[in-house]
Amino acid sequence: MNRKKEMPANFLWGAATSAFQVEGAALEDGKKLSQMDVLNKNTGFSDASIASDSYHRYKEDIKLMKECGFTAHRFSIAWSRVFPNGTGEVNLKGIEFYDNFIDELIKNGIEPIPTIYHYDMPMALVEKYDGWVSRQSVEDFVYYAEFIIKRYKDKIKNWITINEQSIIVEFWKKKNYVPEKYHNNHQIKYQINHHMNLAHAKACQLVHKYVENGKVGAAIGYSPIYALDSSPKNMLAMLNAENLKNHFFLDIYFKGSYPVGAMKYLEEQNLAPIIEEGDMDIIKAGYSDFLGVNYYASKCVKFPSPDNNYLREAKSNLEGKKGAMGAYEMMPDFYEYIKNPNAETNDWDWTIDPSGMEYLLRDIYQRYNIPIIITENGLGAYDKLEDDETVHDDYRIDYWTKHLKSIHRAIELGVEVFGFLPWSFVDVLSTSNGYNKRYGLVYVNRGDKEIKDLRRIKKDSFYWYKKVIESNGASILN
Ligand code: BGP
């Protein structure tokens, strides 16, 4: 039988954003600063104070989502808008914004998929006890999460807990406001992550408790990891990196334990988190129903050579010129990230690897056997607004076409994938490169420093995506 190729029935189509990267209004209607409002002031790029101004333009934005045919939208709730001090009194104006936003999505037939935490710890809690560094953060996160879950339990079915713990560990001083006194203490990043594991597990339990038929999972920043070549040592480095960079998070979500190899290695290096009695029971009880996967790029590793073997942290490419990558991560006697000589990259040295999507989906599914939703996938690029109000982002169309084909192939081979929410809907404030690097289906008319009129302009990829959605993928899969 020669059936037309398309995505499964009820496949969710939409896109993703996060609060501090789109909303702006950083100090409006009672909101106080989050750590992202503060950290982004020091990047040299634009900050989060106005971003894409979605706080004021959300109706216009949702209209565009509808026009494109979205059936779902991933966004995040800013903790510091709801509880400006982290805990205590709710900010009525702040929560009203999310009430209206969620109702507007539903009114337009778009399923709201919220992320409870996307990098933006309230600054008040950073000042009070160093944020996620302190175990108190777990309790305060639960206070906030419980409020949100109870408020929207009848309107929201699919919940995302925490965005990208993997990236929070890798860039621990950029994704968390960590006081300087800790800057040379690398154990802290694994401690922060352990607190987040507890917070995630407790949020999962709350969704299971309050939301009838509710489903919950984290969104992980995930890269399949390839060995440079088949030399036995490099293959071992690949296993080591898979263990510490991938299984380290997914085993927690789906097995309720840390992978033993990675944990023993961290103990040897004096980097292991302090785990209190009962913690692993909490983690086990807070099981996830699905995994959100944020996939941009695969990684490549080799075993560190004896004369170059130390703990080195990754440094992003801030210039946006190929080859300007600051540094690749290395863990002594374990692995060293390197540039993959067999794959191309974008201008910020992120590998472009569509078959990596099929690889990771099949790998994760074989290991954990859980449903997966793509919660981010996209190409950061310099986009040009033409005089006739068009943006010709054919490179992005090519990127998404190939990644969607990979997703479809994985589905053909048995993987359960239930949605595609690429990054990003409108152009957003990039976490590392301001507005120079863009991801959106919709162009936002602003420069990195120059605010301009912030008007929305549909890119070529918007029209392309509309057709993809209308045909449930058939327009590119046949
Ligand atoms: C993910 C984050 C997003 C987003 C994206 C692109 O790690 O979840 O918030 O920003 O990456 O990264 P960047 O903005 O650094 O280009």
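Residues numbered from 1 in each chain as written. Predicted model: local features only at pLDDT ≥ 70, side-chain atom pairs only at ≥ 80, totals over all residues. Heavy atoms only, no water.

- Going by the annotation in an unreviewed UniProt entry, the name recorded for the chain is Glycoside hydrolase family 1 protein, with Clostridium sartagoforme given as the source organism.
- The UniProt entry for the chain carries the following comment under Sequence similarities (unreviewed entry): "Belongs to the glycosyl hydrolase 1 family." (UniProt positions renumbered as here; feature names shortened; annotations may be inferred.)

1. A few points about the packing of helix α14 (residues 394-412) against helix α15 (residues 460-470)
In step 1: Between α14 and α15, the shortest axis-to-axis distance is 9 Å and the interhelical angle comes to 25°. One element, α14, and the other, α15, form an angle in the roughly parallel class. Where α14 approaches α15, its residues Arg396, Ile397, Trp400, Thr401 and Leu404 are matched on the opposing element by Asp460, Ser461, Trp464 and Val468.
In step 2: Each residue belonging to the contact of α14 with α15 can be placed in one class, and the counts come to 5 nonpolar, 2 polar and 2 charged. (Axes fitted to C-alpha atoms, helices over the stretch in contact; angles between N-to-C directions. Helix = DSSP H or I, 4+ residues; strand = E, 2+ residues; numbered from the N terminus. Parallel < 35°, antiparallel > 145°, perpendicular 65-115°, else oblique. Contact = heavy atoms within 4.5 Å. Nonpolar A, V, L, I, M, F, W, Y, C, P; charged D, E, K, R; others polar.)

2. Quick word on the side chain of histidine 408
In step 1: With respect to the helices and strands, histidine 408 occurs in helix α14.
In step 2: Exposure remark for histidine 408: the relative accessible area of 8% places this residue in the buried category.
In step 3: Within the structure, histidine 408 has its side chain in polar contact with the backbone oxygen of glutamate 6 (distance 3.2 Å). (Buried < 20%, exposed > 50% of the residue type's maximum accessible area, 1.4 Å probe, protein only. Polar contact = N/O pair within 3.5 Å; in protein donor to acceptor, adjacent residues only side chain to side chain.)

3. A word on the site of the ligand
In step 1: In the neighbourhood of the ligand, 15 residues make up the surrounding shell, with Gln21, Glu164, Thr431, Lys437 and Tyr439 lying closest.
In step 2: In the model, an oxygen atom of the ligand is placed 2.9 Å from a nitrogen or oxygen of the glutamate 376 side chain.
In step 3: Between the ligand and threonine 431 there is a distance of 2.5 Å, counted from an oxygen atom to a side-chain nitrogen or oxygen.
In step 4: Protein contacts shield 96% of the accessible area of the ligand, which totals 380 Å² for the unbound molecule. (Near = heavy atom within 4 Å. Areas by Shrake-Rupley, 256 points an atom, 1.4 Å probe, with all protein chains shown as cover.)

4. So, the sheet that holds strand β5 (residues 215-221)
In step 1: Strand order around the closed barrel formed by 8 strands is β1-β2-β3-β4-β5-β7-β11-β12, with parallel pairing between neighbours. Direction aside, the axes of adjacent strands within the sheet are offset by 30° on average.
In step 2: Direction of pairing for strand β1 (residues 12-16) relative to strand β12 (residues 417-420): parallel, over a ladder of 2 bridges. Each bridged residue has a counterpart across the sheet, and for leucine 12 the counterpart in β12 is glycine 419.
In step 3: Packed onto the sheet, helix α7 (residues 136-152) meets β3 (111-117) and β4 (158-163) and runs at close to 170° relative to β3.
In step 4: Of the strands in this sheet, β7 (291-294), β11 (372-376) and β12 touch helix α13 (residues 354-368), which is tilted by about 140° from β11. (Pairing = 2+ DSSP bridges.)

5. Topic: the packing of aromatic side chains
In step 1: Under the criterion given, the structure shown has 39 aromatic pairs.
In step 2: With 4.9 Å between their ring centres and 65° between their planes, phenylalanine 11 and tryptophan 13 make a pair best called edge-to-face.
In step 3: By relative accessible area, which is 5% here, phenylalanine 11 ends up buried.
In step 4: The class of tryptophan 13 is buried, set by a relative accessible area of 3%.
In step 5: Centroid distance tryptophan 79 to phenylalanine 141: 5.9 Å. Interplanar angle 70°. Geometry classified as edge-to-face. (Phe/Tyr/Trp six-rings, centres within 6.5 Å; stacked < 30°, edge-to-face > 60°.)

6. Points about the side chain of arginine 81
In step 1: Positionally, arginine 81 belongs in helix α4 (residues 79-82).
In step 2: For arginine 81, a relative accessible area of 1% translates into the label buried.
In step 3: Among the polar contacts listed, one links the side chain of arginine 81 to the side chain of glutamate 23, at a separation of 2.8 Å.
In step 4: Other than its neighbours up to four places away in sequence, arginine 81 contacts Glu23, Gly24, Ala25, Glu28, Lys31, Tyr55, Asn91, Gly94, Phe97 and Tyr98.

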